[in-house]
Structure formats: C-alpha cells, structure tokens
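Spelled out from the first residue to the last, the chains are:
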There are 2 protein chains.
Amino acid sequence: MEYTKYLAGRANWIKGSALAEVMKKAAELQKKGTKLISLAAGDPDPDLIPRKVLGEIAKEILEKEAKSVMYTPANGIPELREEIASFLKKHDQLEVSPENIVITIGGTGALDLLGRILIDPGDVILTENPSYINTLLAFEQLGAKIEGVSVDNDGMRVDLLEEKIKELKTKGQKIKFIYTIPTGQNPMGITMSMERRKALLEIASEYDLLIIEDTAYNFMRYEGENILPLKALDKDGRVIVAGTLSKVLGTGFRIGWVIAEGEILKKVLMQKQPIDFCAPAISQYIALEYLRRGYFEKYHLKGALLGYKEKRDIMLTALEEHLPNAEFTRPIAGMFVMLFLPEEANGIAFASELMGKEGVVVVPGEPFYTDDTGKNAIRLNFSRPSKEDISIGIERIAKLYREKF
Amino acid sequence: MEYTKYLAGRANWIKGSALAEVMKKAAELQKKGTKLISLAAGDPDPDLIPRKVLGEIAKEILEKEAKSVMYTPANGIPELREEIASFLKKHDQLEVSPENIVITIGGTGALDLLGRILIDPGDVILTENPSYINTLLAFEQLGAKIEGVSVDNDGMRVDLLEEKIKELKTKGQKIKFIYTIPTGQNPMGITMSMERRKALLEIASEYDLLIIEDTAYNFMRYEGENILPLKALDKDGRVIVAGTLSKVLGTGFRIGWVIAEGEILKKVLMQKQPIDFCAPAISQYIALEYLRRGYFEKYHLKGALLGYKEKRDIMLTALEEHLPNAEFTRPIAGMFVMLFLPEEANGIAFASELMGKEGVVVVPGEPFYTDDTGKNAIRLNFSRPSKEDISIGIERIAKLYREKF
C-alpha cells in the first residue's frame, strides 16, 4: 500500500537525525562482535547512579503504594511537584511554586509541549550555534525556522544576537523565542557567564521575546558555584524553564518539568493529558523518594558528581597531552567537550574513519550547527565511558589526528 | 506579563476536558474528608495487579541491568518489541514483525504520534459516537474535525458510516481516517461483532480510508473468544494499531505501541525521538520480564481478568435489580457500562447531585459524544472500585434515580 498520500503536510517537516547513521553503523559493528570504545553517549554513568538504592525504592513503592501503577494527575503527583520546588530552591537558587511546575516526559517532553503551544509554522527560534540537535529537530517538526547565534567561552554572543534580531525584524520575520542551554551546553560544554546572562535578559526584554531555558545540566556543575539560572534573574516572567532529573537519576526514567505561568501554563496543562496522559508513575515515585530521602546530596553531590569531574579532568588532560595544538572546549559543567579538527577537516569523515580503524565512536558536530560552520567539530562525551576508555579513546583519536593532519 | 500574544494559532484548538470539573469537585470533597465511592476511574484495579511481583522485577532489573536507567532506542528495546510480537501472536491472533512495532508512552502517546503525522488542520476523523474523550481532544488539538457515527450493540453502525462518508464527500470534505475501539469500547463497553468488523474493513477499502484501531481493551475480554482484531483481518495494510499494556500492568507504566508499515512507520520513527526520546526504560524492562516470565497468563488471564469479570457481573446484577427499567450496556470486554437516564434527564446535573447527596462519583457521558445526543448518559467503571463499592454505588444511583424520575 502507498501511504504517502495520507501523510499530513507537517510530516514534511520531520527530518531524520544525521546522528542516526553513525549510531546505526556502530550498532552493526558491535553486533559483529567488534569491541568499540564509545565517547558518543548523551547519558550519565549507570555505575555512578545508585541503581541498587533506586531498585529498593521501586520495590518498596510498588508493593505499598497502589497509586504507583495508576495514572497520575496530568501535571504530576502533587508531592513530587512540592519536592521539586524545594529542590530547585535549595540547589538551583530558584523560587517557584509547585503550581507552576508541570511534570513531563523528560526535558524532551517539556520542550515539545512548549513548542506545540508556541510555534506557528514559519516562526523563527533563536538559539546558540551549535545547539542540541534533538530540540532543533523537535521545533523544526512544528514548522520553526532555526537561526543560530555564535558562541564563545562565555556562551551565546549577545552582541551578535541583537544584530540577528534587528536583521530578522528588517526582513519582517517573526521571532517566537530564544532557546538556550546556559549551563554545560550541549554540544559545546560551555557555560554562559553571569554578565552574559544579564545581557541576554536585557535583550529579551528590549525586544519583548520569551526565553526557553533548558536547564538539563544545571546539576552537573563542577566549578563556578555562583552561576544563577536565567529564571532566577527573570523579573518579567519572560523565562520558561525546561528542566529534568535525567542527568541525576538517569535518562531512562523520563522525568522532566516545565516551569511556566499564566496562559502558557494553562495551555500546557490543558494540552498535556491528551498527548501522553502523564509521566510514568513509577518514575515519579522514585524521583520523589530520591529527593525526599536526601539522596541527591548523598549519592549525587557527594558521589556521582565527583566521578564526572574526575572523568572530565582525565579527558582534558589527555587532550592537552596528546593534542597540544588542537582547539577544544573546557567545560565547567555538563558532559561534553567539543574538539575542533583543523579547519579544512571533515568531522563526519573523521568519525567514520575513527570507528573503522580505531574502534572509537564519537559524534560529529556538524548536525548540531544551524549553518555550515562546524564541519570540523566532533563532540566527545566524558560522563558515560570508563576512565580507562576515556584515556584510550583520546589516545586513538590523537593517533588518527596526527596521521591525517 | 501578558502571554496570549505569544501563543501559536494551534493553541486555539486546545480544549479543556469537560471531565476535569467533575474530578476537581470530587478532589475538593475528598480533601474536606468526605468519603466518596468512585465509579469514575479509567484504571484497572491496583490490587488485582501483582504489584509485589512487579516490585521484585524492578529491584532486580535496576540492580543488574545498567541499561534500565539509560535512554533506550527511540522505538523501544529490541527484546521488548520481540516479546510483544510473540505476545500479540499468542493472545491477539496477530502476526506482526518486531520491526513494525514502536514502543510509545502508553496508548495515548501512540495515538498522538499517529495524529501528528496524519492530520492536517480541517481533516475529518470518523469515529464511534460516543468515543474516548482523550483521543478526541488529542486529534482536535491537531486541527481535526470529529464526525461521530452512532453505535448499537454490535459496534459502529457501518450503514450509517457509509452514509456519512458519502455526505462528507459531497460536501468536499477530506476524511483522513476512521478511529475505532472495536473491543470493550470506551465509554460504551460495546464490542464490535465479527460481521461488523468485516463490513468496516470493506467500507474502508471501498473509500480508500485508513483505520486506526485502538486495542486498549483487547486483553480485558470476558466472553466472545473468537473475535479477531481488525488488524488480523486487514489484507491491505489499511489498519494501524495503537496498543497498550496499561490495562494489564497498570496505566502508570506508560507502555504502549504503534503497529505501522511503510512511510507511516518511517515518519513515526523519525518523529518520535525529538518528541519524547523514548518510553521509560524501567517500564520497558518491567513489561519485558512480565511477558517473558509468563506472568500474563499467571497473573492476568488466570487472576485479574477473573476479578474484573466478577465485578462486571456484580454491577450488571445490581443494575438489573435496582433499575429494572433503565437502559444500560452489557459489556463482554473492557471496564465500562454506559447507563442511560430517562431521555429528558441531564447526566451532568445528575452526576453533580449524586456526588453531593450520595457521595458517589460517576462520569457524565455527554463529553464523549460528538453531537448533542447522550446528554442523559453516565459512564460507570467496574474495574477499579471494590465489589462492595460497586454494590453500594449502584444502590445509591438507583435511589437518586427513583427520587428524580
């Protein structure tokens, strides 16, 4: 049967992820028994997550709490929304009422929900260039046009942002919002400076734009204690937050949130139940007990986070040692380092050769870019691989790098 | 801040659920300490679900399987897709390849995914009148116009369906697909006869329409063993399935699936990751082990299902005893009975009075109807309440019924 004629017009906006090919090839090699070292993940380390403890919570909750197998309210169980409000106050310097928190299917679900109520086809979304490919694809599926703004070590170049806004306005284009990952940005690993954060809010205010702040890596900070989320600096109610516990509990639980107000909150709430009914109850209860019992401090702040910091240091030290002349980012938060090959190099070809010859999987940076810069970038993950694999991986990358350039 | 100006045009299609008011009022009464009997649920019974066993699986899996806290592939873990294929073959007489199964955020997520790639604003969706309100709202959020077709005890009136198709075609309207819940329909509790199923497929073939078959209640069948799903009768590849384990494992796990082919499958796969990344890993692993260990037979077929059948019988017997002259449906599958008050009665007013005076919560049928019929209907759930509450609930409904009519 020929199905194309039944597809909606908006199905034309659905694009495949360029990363899928890399991952498919890696999976095929692994099926053949090839042992690969992967620096390609977007996950925390399953061995730094207290899985045994989470398993005990799950057992306890499923046995005693009938609600743990039932639908929850569409916006999440009230106790979890309260617990997240306290958590954000304590650990993200954010004052927010539980009424303004909507529990979502991870940060991904939060961003899609917001996109659906905000984006008209043809609307422009401004974001860092490069930015998180999955969000760019989600917004593009809704008909958005993505315009990227270059970054430096302090985050989005707010001077260039303003130029871009003026240029788009001159062209008569409608800018819907600014999407930013200020802390531990994916894929760059960069954290926006406080000065830049304030400047960004001023620009948003001047041009009356909303900001969607993706706080995915806010609890993976290794340095720079005094960095406030944009939302904590937001006097107008201009910042909408897409948050998640994925980098703390694990990406598989699918627990995220939207923080919003007024008509936007109202529409998110009305829209949500018909889309996914609710976030998984068992995950919500695990998150609730994890926070309530103080496990965030015990297992994350005093445990996993130190492990990620150590792995970051191993990766940066190895890069400095083996590729002293290469350019790469030095993250103070998040899970990624962006490595730049020489300007004329092609990251996709390099990643492919690296996998075939050296058995190391990395993610080419190009698909994260909103223009044709970044062809020489490759994204390296340090949170998921073992310390040993990080060292070997970087050595092998350096070996191929030296052979080619 | 005034947010309305930022909303997308499509946000106008988001409607609140008329059921929310009933539920809000019930929650308020309960907060005040009023003991309510609820026949309003859309859940199986948490005490007929082997929660202790599920808890033990969760503990075991979280401890030993690192992948249980990580992202899964967007279409679900391969082992679960294989297990569901075997399960559907054995228990739903359906031959399907694991490659054609996409694991979703419950049946709700499956229906939304399909709506997003199929529905253009203004498209007409044909469905039973009444039908499941949450799906109608999901399709309406995407700009669909819902047209209902009356039902009788054998399901959708296929003769009226054909009339409706002709009428819509004459008006130049575009029909996108037929949405149906052939087995244990929500809210009617009706199961479509085999003859009617075949006739429906013929009509779909004649007018070249897709069918979305919602199989939510296929594993809650109490009688009528020889009823095949539409998909098992589908020679053209015209039927797309939205399935779920919610009525088996519990609605809170959020495990459902799409079964599709060709371009539709391809678009579902490409679209899914940016929307929700994947279904919850822990739920996927619990579902996998539940099926793999034969617990569906042990705990559902030989356990829970008998309990639901008993509760159904208690409800029907009580209705026959206390309301011998009233009209109500007699389900052979699913979890609902639709009770009709006298023709001039208003179900919303009755439900409100019933809650206030008798402390019994029911769901008015009106919001499930696609036209202004059904004002006198109320939906009764028998799967979730205790046997005692069913008896008392029906007695109290009958008391108010006799007082008023």
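This is a predicted model, so every value here is computed, not measured.

Participant: Could you clarify how one ought to interpret the overall build of chain A in this entry?
Facilitator: Per the secondary structure count, chain A includes 14 helices and 14 strands. By the compact-globule yardstick of 22 Å for 405 residues, chain A fits well, its C-alpha radius of gyration being 21 Å. Along the three orthogonal principal directions, the C-alpha set of chain A runs to about 60 × 60 × 55 Å. A separation threshold of at least 6 residues defines the contact pool for chain A, and within that pool the share at least 24 residues apart is 77%. As presented, chain A carries roughly 14,500 Å² of accessible surface, and 48% of it is formed by carbon and sulfur atoms. With 54 positive and 59 negative side-chain charges, chain A shows a spacing of 4 Å between the two charge centroids.

Participant: Sorry, what's going on with the UniProt feature "domain: Aminotransferase class I/classII large" (unreviewed entry) in chain A here?
Facilitator: Residues given the UniProt feature "domain: Aminotransferase class I/classII large" (unreviewed entry) here are residues 35-397 of chain A. Regarding residues 35-397 of chain A, the helix share stands at 45% and the strand share at 17%, and the terminal C-alpha atoms are separated by 16 Å.

Participant: Where do I start with the pattern of salt bridges in this structure?
Facilitator: Side chains bearing opposite charge may pair, as long as their charged atoms lie close to each other. The final tally for this structure, using the stated rule, is 70 salt bridges over all chains. The residue A:K311 makes a salt bridge to A:D45 at a minimum N-O spacing of 2.6 Å. Of this pair, A:K311 sits in helix α12 (residues 295-322) while A:D45 is found in the loop between β1 (37-38) and α2 (51-64), placing the two residues 266 residues apart along the sequence. Each of the two residues, A:K311 as well as A:D45, counts as buried. Here B:R196 makes a salt bridge to B:D152, at a shortest N to O gap of 3.0 Å. Within this pair, whereas B:R196 is found in helix α7 (residues 194-206), its partner B:D152 is found in strand β4 (residues 145-152), the two being separated by 44 residues in sequence.

Participant: In this structure, what is going on with helix α6 (residues 158-170) of chain B? I would like to understand it.
Facilitator: Residues separated by three or four positions in an α-helix point in the same direction, a consequence of the helix having 3.6 residues per turn. All names here are of chain B. The end-to-end C-alpha separation of α6 is 18 Å, in line with the 18 Å expected for 13 residues at 1.5 Å each. Within α6 the residues assigned to the buried category are V158, L161, K164, I165 and L168. Buried residues of α6, viewed axially, fall in a sector of 105°; they line one side. Exposed residues lying more than 90 degrees from the buried face of α6 are E163 and T170. If you follow the buried residues of α6, they end up packed against β3 (124-129), β4, β5 (155-156), β6 (175-180) and α7. Among the residues trailing α6, G172 stands out with phi positive, at a value near 80°.

Participant: Help me understand the sheet that holds strand β11 (residues 336-340) of chain B, please; the structure alone is not making it clear to me.
Facilitator: Remark on secondary structure: sheet strands pair via backbone hydrogen bonds, oriented parallel or antiparallel. Residues and elements named next belong to chain B. An order of β10-β11-β14-β13 is seen for the four strands of this open sheet, with the pairing classed as antiparallel. Of all the strands in the sheet, just β10 (327-328) and β13 (363-364) have a single pairing partner and so form its edges. The pairing of β10 with β11 spans two bridges and is antiparallel. Across the sheet, residue E327 finds its bridge partner in β11, namely F340. Most of the contacts of helix α12 (residues 295-322) go to β11, to which it runs at about 15°, and overall it touches β10, β11 and β14 (377-381).

Participant: Got a minute to help me understand the side chain of A:T215 in this structure?
Facilitator: With respect to the secondary-structure elements, A:T215 resides in the loop between β7 (210-214) and α8 (230-233). With residues near it in sequence (within four places) discarded, A:T215 still touches A:V241, A:A242 and A:G243.

Participant: Sorry if this is basic, but what is going on with the relation of the copies chain B and chain A here?
Facilitator: Related by rotation about an axis and a shift along that axis, the two copies of the chain form a pair. Mapping chain B onto chain A is achieved by rotating through 180° and translating by 0.0 Å along the same axis, at an RMSD of 0.0 Å. Such a combination of turn and shift is consistent with a two-fold rotation axis. Looking at the interface residues of chain B, 100% of them are also at the interface in chain A, so both copies use one shared face.

Participant: Quick question: what am I supposed to make of unusual backbone geometry here?
Facilitator: Excluding glycine, residues mostly have negative phi values, and the peptide bonds linking residues are mostly trans. The peptide bond linking A:N186 to A:P187 adopts the cis configuration, its omega dihedral lying at 15°. When you line up the elements, A:P187 lands in the loop between β6 (175-180) and α7 (194-206). Residue B:P130 is reached from B:N129 by a cis peptide bond, and omega for that bond is 5°. Following the sequence through the fold, B:P130 ends up in the loop between β3 and α5 (133-141). For A:F277, which is not a glycine, the phi torsion comes out positive at approximately 65°. You can see A:F277 is positioned in the loop between α10 (262-276) and α11 (281-292).

Participant: Honestly, the environment of B:L48 in this entry has me stumped. Any pointers?
Facilitator: All names here are of chain B. Position of L48 relative to the elements: it lies in the loop between β1 (37-38) and α2 (51-64). With relative accessibility at 26%, the residue L48 sits in the partly exposed group. As a C-alpha pair, L48 and E140 span 92 residues in sequence and 35 Å in three-dimensional space.

Participant: Help me understand the domain arrangement of chain A in this model?
Facilitator: Interfaces are frequently sized by the accessible area removed from exposure as the parts join. Residue and element names in this part refer to chain A. What the domain assignment lists for chain A is domain 1 (4-49 + 297-404) and domain 2 (70-294). A C-alpha centroid distance of 24 Å is found between domain 1 and domain 2. Of the residues lining the interface, 39 residues belong to domain 1; the matching set on domain 2 comes to 43 residues. In total, domain 1 and domain 2 occlude about 3,200 Å² of area from one another, counting both sides; carbon and sulfur atoms represent 62% of this.

Participant: Even after reading the chapter, I still don't get the packing of helix α3 (residues 78-92) of chain A against α11(A), so can you show me in this structure?
Facilitator: When two helices pack together, you describe them by how their axes are tilted relative to each other and by the distance separating the axes. All names here are of chain A. Between α3 and α11, the shortest axis-to-axis distance is 9 Å and the interhelical angle comes to 40°. What the angle tells us is that α3 and α11 run oblique. In this structure, the crossing between α3 and α11 has a hand that is left-handed. Residues E79, L80, E83, I84 and F87 of α3 form the contact with α11, whose own contacting residues are Q284, A287, L288, L291 and R292. Of the residues in the contact of α3 with α11, the class split is six nonpolar, one polar and three charged.

Participant: Would you mind going over the interface of chain B and chain A with me for this structure?
Facilitator: Across the contact, 86 residues belong to chain B and 86 residues belong to chain A. Between chain B and chain A, a total of about 7,100 Å² is buried, with carbon and sulfur atoms accounting for 59% of that surface. Interface area lost by chain B to chain A is led by B:Y3, B:Y6 and B:R10, which between them contribute 11%. At the surface where chain B touches chain A, the tally comes to four salt bridges.

About the cut-offs
- Residues numbered from 1 in each chain as written.
- Chains lettered and ligands numbered in written order.
- Predicted model: local features only at pLDDT ≥ 70, side-chain atom pairs only at ≥ 80, totals over all residues.
- Heavy atoms only, no water.
- Helix = DSSP H or I, 4+ residues; strand = E, 2+ residues; numbered from the N terminus.
- Rg over C-alpha atoms; globule rule 2.2 N^0.38 Å.
- Contact = heavy atoms within 4.5 Å.
- Areas by Shrake-Rupley, 256 points an atom, 1.4 Å probe, with all protein chains shown as cover.
- Lys, Arg positive; Asp, Glu negative; His and termini not counted.
- Charge placed at Lys NZ, Arg CZ, Asp CG, Glu CD.
- UniProt positions renumbered as here; feature names shortened; annotations may be inferred.
- Salt bridge = Lys/Arg side-chain N within 4 Å of Asp/Glu carboxyl O.
- Buried < 20%, exposed > 50% of the residue type's maximum accessible area, 1.4 Å probe, protein only.
- Expected span 1.5 Å × (residues − 1).
- Arc of directions from axis to C-beta.
- Pairing = 2+ DSSP bridges.
- Axes fitted to C-alpha atoms, helices over the stretch in contact; angles between N-to-C directions.
- Least-squares fit on C-alpha atoms with pLDDT ≥ 70 in both.
- Domains from an automatic or database assignment.
- Buried area = accessible area lost by both parts, 1.4 Å probe.
- Parallel < 35°, antiparallel > 145°, perpendicular 65-115°, else oblique.
- Left-handed = near helix turned anticlockwise from the far one by under 90°.
- Nonpolar A, V, L, I, M, F, W, Y, C, P; charged D, E, K, R; others polar.

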